[in-house]
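# Structural description and commentary
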Amino acid sequence: MNAATSDSPRIGVYVCHCGSNIAHMVDVEEVRAWAEETLKGEGVVVARDYKFMCSSLGQELIQKDIRELGLNRIVVAACSPHLHEKTFRAACEKAGLNGYLCELVSIREHASWVHTDKAAATEKSKMIVAGGVKRVRYDEPLDPLRVPIHKRTLVVGGGIAGIQTALEIANAGYPVYLVEREASIGGHMAQFDKTFPTLDCAACILTPKMVDAGEHPNITLLTWSEVTRVEGSLGNFQVTIRKKARHVVEDLCTGCGICTEKCPKKVLDTVFEAGLGYRKAIYTPFPQSVPKYPVIDVENCTYFVKGKCKACQIFCPTGAIDFEQEDEETTVEVGNIILATGFQTFDPRRIPQYGYGRLANVFTSLEFERMSNAAGPTGGEIVLRDGKTKPQSVAIVHCVGSRDRRYNNYCSVICCMQSLKFAHLVKERTGAEVYNFYIDMRTAYKGYDEFYQRVLSEGVNLVRGKVAEITDAARLPGEEGKLIVQVEDTLAGRQRRIPVDMVILSVGLEPRKDAYETAKLFGISCSANGWYTEKHPKLDPVATMTEGIFIAGACQGPKDIPTSVAQGAAAAARVLGHIQAGEMSMEPIRASVDEARCSGCRICNGLCPFNAISFHDDRRVTEINPALCQGCGTCVAACPAGAISGTGFSDAQVMAQIEGLLWDVRV
Amino acid sequence: MNKTFEPVLIGFTCNWCSYRAADLAGTSRTKYPPNIRLVRLMCSGRLDPTFVLKALAEGADGVLITGCHPGECHYLEQNYKALRRYHLLRRTLQSLGIEPERVKLVWASASEGLQLAEAIREFTEEIRTLGPLRWNAQAELRSEEVPLEAVP
Ligand SMILES: Cc1cc2nc3c(=O)[nH]c(=O)nc-3n(C[C@H](O)[C@H](O)[C@H](O)COP(=O)(O)OP(=O)(O)OC[C@H]3O[C@@H](n4cnc5c(N)ncnc54)[C@H](O)[C@@H]3O)c2cc1C
Ligand code: SF4
Ligand code: SF4
Ligand code: FES
């Protein structure tokens with residue numbers, strides 16, 4: 001049905017000043033007057049301008065006109081539909097007009113903010129308004145699709161953010177799958193000894209949460225597992241999870257650890273111990289691992305490599321070792337998904353002049369965390385690479401790989417605080433002379449600057465300047481056998497060479513190397529730096545542009561533990577809102593086939609990635625399943641018979657908008 | 001050629017990436033020439049080639065088609081379909097006597113506001129160099145029954 005012909009359009013046009021955001025570059029009054037005058041023939045009954053259309057007064061202006069002037073179509077020329085489309089649709093609904101009869105066109109993001117010539121921006125704005133007016137004539141009243149929400153939720157990533165998310169939802173009484181790719185949950189936090197700014201012991205505050213998550217009746221923990229396939233959409237996703245073979249039967253294993261003890265094969269642990277310590281070929285990453293079941297690392301296991309050994313199997317008192325075990329795939333149905341996949345650290349080998357990997361006593365921050373951890377490879381002793389010598393002097397370099405256009409141009413947020421934490425720990429445990437090299441000291445947030453003051457008062461030397469080089473080439477007396485930190489001290493205004501025994505590089509935070517693949521798997525997007533993109537940077541930080549998929553913790557950008565926890569809880573609250581509502585509304589943008597016009601050519605049949613299109617052999621016509629259609633419109637564009645229409649983006653709407661946009665040049 | 005020629009361009013954008021890139025160009029106050037007017041589609045796959053012909057027929061001098069990078073389409077792979085149609089469309093245009101360069105396809109993700117602005121700037125200059133699309137003039141030429149060899 002052609003809406004424009006069914007009722008004669010009575011259109012109201014509302015042009016927003018957005019304070020001065022629009023008005024400084026677009027002559028709003030001129031646009032208004034032009035629309036009222038020129039677009040009369042298109043059905044424009046009234047055109048108004050207002051300082052802030054999105055304010056309640058602005059909305060009331062529209063509502064009053066709908067009631068008093070009998071408007072049946074609305075065009076608001078203001079900001080991007082991604083910001084306020086919902087606002088204006090809701091305003092129309094309140095006045096009894098279907099929200100889908102309202103078009104929001106952007107003269108702010110797409111005109112006033114990007115142009116510098118006021119006359120040209122004003123002309124362009126008129127055309128944008130004309131496009132909206134032409135288009136709105138073909139808008140049809142629509143009802144949002146109501147989709148039922150499956151009560152189960154999937155959380156991907158069992159770091160502190162994911163654990164918090166899973167617990168919040170589980171505690172509210174709803175089932176959660178928590179998928180973690182490593183053998184234990186815990187994430188980076190499990191590697192730390194102390195946490196800034198309070199210096200709580202990381203394990204003491206994390207372990208209870210891990211145990212809660214492991215034992216919670218509403219949490220199905222799937223460790224050593226990864227998501228391989230995601231289908232469906234908000235309310236009903238089908239997710240395939242691959243449980244990698246542990247080679248340990250969970251039902252039989254009691255977690256006694258005898259297998260690990262008896263395993264003859266030592267392997268350098270580059271994950272949990274950050275390369276500083278060893279584990280066995282059958283192992284749990286750390287003593288408090290959740291779950292307690294070990295895994296066999298088949299790449300290093302003597303039996304898998306050489307075909308004999310089986311020490312673990314021989315000694316296991318419950319017969320839990322199973323060398324034949326295979327990967328298992330399961331498909332689960334969930335209503336919402338939360339990604340909490342965290343970060344990785346910057347590889348300092350990319351800055352060769354810092355000597356990491358070449359100079360033995362240059363360490364990374366993660367290595368230092370393990371070294372300072374009482375349960376770590378050195379039993380908490382801060383020592384040089386030889387494993388015994390206590391350093392007399394230690395340099396801590398901030399911002400390694402961060403705030404540098406050659407590597408990552410952003411600030412990694414936590415490194416200043418983490419470097420101060422290290423300074424405190426080194427002082428406390430070794431009494432060594434400590435030098436922190438920083439560009440700017442960034443200690444925002446509660447309790448952070450106080451911690452900085454405390455570390456200052458402990459006698460740590462703070463040198464402002466970016467380290468140029470770390471070398472073992474002694475030039476001056478006193479430099480022999482030392483690492484020399486070459487830096488321009490920008491406060492003292494001179495070059496300095498500071499000899500030390502040990503250097504710790506505070507490496508920055510980066511998106512995981514597979515973050516992009518994971519984003520693609522779940523259909524969300526990444527920022528230019530590779531962090532997951534939130535729906536709105538300020539107002540919707542845990543939602544994504546894909547309905548039903550949320551993000552929490554450091555996968556969204558560098559952040560500390562308190563913020564990761566807060567985001568985890570926030571994402572959980574959003575999901576619980578969905579679950580409790582029982583159903584959610586979705587944009588009713590769907591394609592449908594007019595069977596009478598379908599010629600049965602089947603051109604469209606292979607185009608749908610969601611398998612929404614099927615062909616009825618008996619009637620020789622195509623049908624689209626609205627529950628599967630996601631509304632991309634590809635089939636609509638392809639049908640040579642014009643038999644497929646797409647709601648919200650019909651041919652008539654787009655064609656009319658093009659006409660409007662070219663109002664001034666139409667030939 | 002007329003130095004003051006200001007091309008009029010239509011840009012088709014995808015709701016998930018390039019339209020958001022345009023929004024981002026706005027919020028970050030990145031500047032580009034005002035010649036382009038944007039239409040939002042849900043996906044570059046929605047781009048019916050007749051939309052492009054319509055824009056050219058209605059007076060646009062060039063059409064910029066934008067979508068998510070290959071592999072990043074919100075609907076998985078529909079931008080590949082757009083890519084195929086694009087090549088077909090350029091050939092069709094050529095056979096109609098329109099320079100295929102008047103239609104251009106660029107990929108821009110939601111975070112590439114700067115890149116999109118740059119692409120718009122570039123395209124504006126390209127069409128400026130190409131000059132106005134004189135579709136009607138050519139049609140008139142033909143209707144006047146000029147000898148074939150006189151048709152450019
Ligand atoms: C050296 C260092 C010291 C720090 N010290 C402090 C401190 O003292 N105080 C503080 O507040 N913050 C500190 N931080 C910051 C802190 O580490 C982060 O805020 C926190 O770890 C973020 O938690 P997360 O759960 O988002 O990510 P992570 O801890 O990275 O956890 C993510 C989890 O997801 C899993 N995962 C990833 N991808 C997948 C996938 N595709 N499928 C399944 N599972 C996956 C990972 O294996 C991991 O278990 C420090 C950081 C560093 C590097
Ligand atoms: S509607 Fe948009 S443009 Fe207008 S005041 Fe509100 S935010 Fe600003
Ligand atoms: S392309 Fe159009 S005509 Fe051909 S089968 Fe699909 S709906 Fe029918
Ligand atoms: S959603 Fe952007 S091209 Fe398909």
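Residues numbered from 1 in each chain as written. Chains lettered and ligands numbered in written order. Predicted model: local features only at pLDDT ≥ 70, side-chain atom pairs only at ≥ 80, totals over all residues. Heavy atoms only, no water.

### Comments concerning the overall build of chain B
Of the regular secondary structure elements, chain B holds five helices and four strands. The linear arrangement of helices and strands in chain B, starting from the amino end, is β-α-β-α-β-α-β-α-α. Across the 152 residues that make up chain B, the buried fraction comes to 57%. Summarising the internal contacts of chain B: among those between residues at least 6 apart in sequence, 80% fall at separations of at least 24. Summed over its atoms, the accessible surface of chain B is roughly 6700 Å², and 55% of this surface lies on carbon and sulfur atoms. (Helix = DSSP H or I, 4+ residues; strand = E, 2+ residues; numbered from the N terminus. Buried < 20%, exposed > 50% of the residue type's maximum accessible area, 1.4 Å probe, protein only. Contact = heavy atoms within 4.5 Å. Areas by Shrake-Rupley, 256 points an atom, 1.4 Å probe, with all protein chains shown as cover.)

### Let's talk about the domain arrangement of chain A
Domains assigned within chain A are domain 1 (3-142), domain 2 (153-244 + 328-342 + 512-583), domain 3 (258-315), domain 4 (344-510) and domain 5 (591-647). The centre of domain 1 of chain A, based on its C-alpha atoms, is set 66 Å off from the matching centre of domain 3 of chain A. (Domains from an automatic or database assignment.)

### Observations regarding the packing of aromatic side chains
All names here are of chain A. Scanning the model with the defined rule gives 13 aromatic pairs over all chains in all. Measuring from centroid to centroid gives 5.6 Å for Tyr 303 and Phe 304, while their planes differ by 70 degrees, and the two rings are edge-to-face. Of the residues examined, Tyr 303 reaches a relative accessible area of 18% and is grouped as buried. Taken together, the ring pairs in this structure connect Phe 196, Tyr 445 and Tyr 448 into an aromatic cluster. The ring of Phe 649 carries the charged tip of Arg 135 above its face, separated from the ring centre by 4.9 Å. (Phe/Tyr/Trp six-rings, centres within 6.5 Å; stacked < 30°, edge-to-face > 60°. Lys NZ or Arg CZ within 6 Å of the ring centre and 35° of its normal.)

### Details of the nonpolar core
Nonpolar side chains tend to gather and get buried jointly when the protein is soluble and globular. Residues Val 13 and Ile 74 of chain A together with Phe 12 of chain B are the most contacted members of the largest nonpolar core, which totals 68 residues. The element contributing the most residues to this core is helix H6 (residues 118-136) of chain A, with seven residues. If sequence neighbours within four positions are ignored, Phe 12 of chain B has contacts with Val 654 and Ile 658 of chain A together with Val 39, Leu 41, Leu 47, Phe 51, Val 52, Val 63, Leu 64, Ile 65 and Thr 66 of chain B. In this structure, Leu 206, Leu 366, Ala 543 and Met 586 of chain A belong to the second largest nonpolar core, which totals 39 residues. (Core = buried A, V, L, I, M, F, W, Y, C linked by side-chain atoms within 4.5 Å.)

### Section: the interface of chain B and chain A
Counting from both sides, the interface comprises 50 residues of chain B and, opposite them, 50 residues of chain A. Taken together, the two surfaces of chain B and chain A that pack against each other cover about 4400 Å², and 61% of this comes from carbon and sulfur. For the chain B face of the interface with chain A, the top three residues by lost area are Arg 37, Arg 46 and Glu 58 of chain B, together amounting to 16%. For the pair chain B and chain A, the number of links is five salt bridges. Between Asp 664 of chain A and Arg 37 of chain B there is a salt bridge, with its nearest N and O atoms 2.8 Å apart. Scanning the region where chain B abuts chain A turns up 20 residue pairs in polar contact (both at pLDDT 80 or more). Of all the secondary structure elements, the ones that give two or more residues to the side of chain B that touches chain A are strand E1 (9-14), helix H1 (18-27), strand E2 (36-41), helix H2 (49-57) and helix H3 (78-95) of chain B. The biggest single contributor to the side of chain B that touches chain A is H1 of chain B, with seven residues. A breakdown of the residues in the side of chain B that touches chain A according to their chemical character gives 24 nonpolar, 12 polar and 14 charged. (Buried area = accessible area lost by both parts, 1.4 Å probe. Salt bridge = Lys/Arg side-chain N within 4 Å of Asp/Glu carboxyl O. Polar contact = N/O pair within 3.5 Å; in protein donor to acceptor, adjacent residues only side chain to side chain. Nonpolar A, V, L, I, M, F, W, Y, C, P; charged D, E, K, R; others polar.)

### With respect to the state of the cysteines
Residues and elements named next belong to chain A. Under the criterion given, the structure shown has one disulfide over all chains. Each sulfur in the disulfide pair Cys 201 and Cys 204 lies 2.2 Å from the other. On the sign convention where negative is left-handed, the bridge of Cys 201 and Cys 204, at about 90 degrees about the S-S bond, is right-handed. Residue classification places Cys 201 among the partly exposed positions, given a relative accessible area of 24%. (Disulfide = S-S within 2.5 Å.)

### Remarks on the confidence of the model for chain A
In this model, chain A carries an average pLDDT of 95, and 99% of its residues clear a pLDDT of 70 or more. Every residue in residues 1-6 of chain A is under pLDDT 50, and counting partners more than four places away or in other chains gives 11 contacts. (pLDDT = per-residue confidence, 0-100.)

### Looking at the site of ligand 3
Of all residues adjacent to ligand 3, which total 13 residues, the nearest are Cys 598, Cys 601, Arg 602, Cys 604 and Cys 639 of chain A. Residue composition of the shell around ligand 3, by class: nine nonpolar, three polar and one charged. (Near = heavy atom within 4 Å.)

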